[in-house]
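This is what each chain is made of:
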Amino acid sequence: MQQNRVLLFFLMFFLVLVSCDSNCVFDEYKSVPNKWNKDSIISFKVNPPDSINAYNLFVNLRNTNAYKYNNLFLIVEMVFPHGKTIKDTLEYRMAEPSGKLLGTGYTDIKENKLWYKEGVVFNEFGEYTVNIQHAMRERGKVNGVKELEGVTDIGFRVENPVKK
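Residues numbered from 1 in each chain as written. Predicted model: local features only at pLDDT ≥ 70, side-chain atom pairs only at ≥ 80, totals over all residues. Heavy atoms only, no water.

## A closer look at the layout of surface pockets
- One number sums up the size of the largest pocket: a volume of about 160 Å³.
- Taken together, Asp27, Tyr29, Asn60, Thr104, Glu111, Asn112, Lys113 and Arg157 make up the lining of the largest pocket.
- Counting only elements with at least two residues in the lining of the largest pocket, the list comes to strand 1 (24-31) and strand 7 (110-121).
- A total of three residues in the lining of the largest pocket trace back to one element, the largest contributor, which is strand 7.
- Here the lining of the largest pocket is built from residues that sort into one nonpolar, three polar and four charged. (1 Å grid on protein atoms, 1.4 Å probe; cavity = no way out; pocket = protein on both sides within 12 Å on 5 of 7 lines; lining within 4 Å. Points joined across faces, edges and corners; volume = space filled by probe spheres on them. Helix = DSSP H or I, 4+ residues; strand = E, 2+ residues; numbered from the N terminus. Nonpolar A, V, L, I, M, F, W, Y, C, P; charged D, E, K, R; others polar.)

## Quick notes on the pattern of salt bridges
- Enumeration over the complete set of coordinates arrives at seven salt bridges.
- Between Asp88 and Lys117 there is a salt bridge, with its nearest N and O atoms 3.1 Å apart. With Asp88 in strand 6 (residues 85-93) and Lys117 in strand 7, the pair connects residues that are 29 residues apart, well separated along the chain.
- Of the charged contacts, one joins Lys113 and Glu159 as a salt bridge, the two residues approaching to 2.5 Å between their closest N and O atoms. With Lys113 in strand 7 and Glu159 in strand 10 (residues 151-159), this pair connects stretches of sequence that are 46 residues apart.
- Taking the relative accessible area as the measure of exposure, Lys113 reaches 46% and is therefore partly exposed.
- If you follow the salt bridges from partner to partner, you end up with Asp27, Lys113, Arg157 and Glu159 in one network. (Salt bridge = Lys/Arg side-chain N within 4 Å of Asp/Glu carboxyl O. Buried < 20%, exposed > 50% of the residue type's maximum accessible area, 1.4 Å probe, protein only.)

These figures capture arrangement, not role.
Written out as structure tokens, the structure is:
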């Protein structure tokens, strides 16, 4: 029994040590139930620590082998505290030409850290809102993909730039 407690303690200590990330300022995920509807907007509320330093912004995505596309189109909208809005349509490569999914992970769940913006200074004090929705279309079809399969979680991350 005592040996199990010691083993559990070292396992917990290792997990805490591995999960520490000194560059991280904000990192949050939200689950997507079953399929990601094209009208479903995933929102994050971010309170930056200052209005002086520059930060790198990322969209994080977890997907399974059920994701059947080579790319991903997202509409990412940043709403500033005083109402100004910046909206971007972004494309990310999600698979190799062979169909093998990109990202990290050894199981059928892959995690992708996708660049959104680099060197952003949050020059307005207050809460920023980041809205993310998919904008996938199938080749030759006018209407978008109504329900995107294979995406399990959407995340947003703010990091201090890596100092060289």
